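Spelled out from the first residue to the last, the chains are:
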Amino acid sequence: MIKCPYCGSDDVEVVKTWKMRNYTVTHYKCRACGGTFNHYSDASTGKEFILRSGRRAVKH
Ligand SMILES: [Zn+2]
């Protein structure tokens, strides 16, 4: 269901999940390319979207 926004692979794993306002945020890591991204899901409206959260060059 969830696909990597970088390479399109569905071989992704859940790193962690947390709540942010109305959204349930799930942090994923792609096993194929190593990319990480967050999936946002609002259960009350059915809205959901994916945001990329950086690849290897993450600035701290
Ligand atoms: Zn990927």
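Residues numbered from 1 in each chain as written. Predicted model: local features only at pLDDT ≥ 70, side-chain atom pairs only at ≥ 80, totals over all residues.

Caption draft 1: Summary view of the overall build of the protein. Helix and strand counts for the protein come out as zero helices and four strands. Along the protein, helices (α) and strands (β) appear in the sequence β-β-β-β when read from the amino end. Compactness check: the protein gives a C-alpha radius of gyration of 12 Å against a globular reference of 10 Å for 60 residues, within 12% of the reference. Reported as C-alpha extents along the three principal axes, the dimensions of the protein are approximately 30 × 30 × 15 Å. When burial is assessed residue by residue, the protein has 12% of its 60 residues classed as buried. Relative to all contacts within the protein whose residues are 6 or more apart in sequence, the contacts with residues 24 or more apart total 21%. (Helix = DSSP H or I, 4+ residues; strand = E, 2+ residues; numbered from the N terminus. Rg over C-alpha atoms; globule rule 2.2 N^0.38 Å. Buried ≥ 20, exposed ≤ 12 C-beta atoms within 10 Å, placed from the backbone. Contact = placed C-beta atoms within 7 Å.)

Caption draft 2: Just the sheet that holds strand S2 (residues 23–30), in detail. Taking strand neighbours across the sheet as the criterion, the four strands line up as S1-S2-S3-S4 in an open arrangement whose pairing is antiparallel. Strand pairing shows two members of the sheet lacking a second neighbour, strand S1 (12–20) and strand S4 (48–52), which therefore form its edges. Between one strand axis and the next, the sheet turns by 25° as a mean value, whatever way the strands run. Two strands pair when backbone bridges link them, and strand S3 (residues 36–42) and S4 are joined in this way by five bridges, in the antiparallel orientation. Across the sheet, His-39 pairs through a bridge with Ile-50, a residue of S4. (Pairing = 2+ DSSP bridges. Axes fitted to C-alpha atoms, helices over the stretch in contact; angles between N-to-C directions.)

Caption draft 3: Structural view of unusual backbone geometry. Of note, the phi angle at Arg-21 is positive, near 50°, even though the residue is not glycine. Take Arg-21: it is sitting in the loop between S1 and S2.

Caption draft 4: Spotlight on the environment of Arg-52. The topology assignment puts Arg-52 in strand S4. Arg-52 gets classed as exposed once you count the C-beta atoms within 10 Å, which come to 12. On a C-alpha basis, the gap between Arg-52 and His-27 in space is 9.8 Å, while along the polypeptide they are 25 residues apart. Not counting residues within four places of it along the chain, the set of residues in contact with Arg-52 comprises Pro-5 and Phe-37.

Caption draft 5: Highlighting the pairing of S3. Direction of pairing for S2 relative to S3: antiparallel, over a ladder of seven bridges. Bridge assignment links Thr-26 to a residue of S3, and that residue is His-39. Counting the residues that bridge the hairpin from S2 to S3 gives five residues, and of these Gly-34 lies at a positive phi of roughly 85°. Here S3 folds back onto S4 in antiparallel fashion, the turn holding five residues, of which Gly-46 has a positive phi close to 80°.

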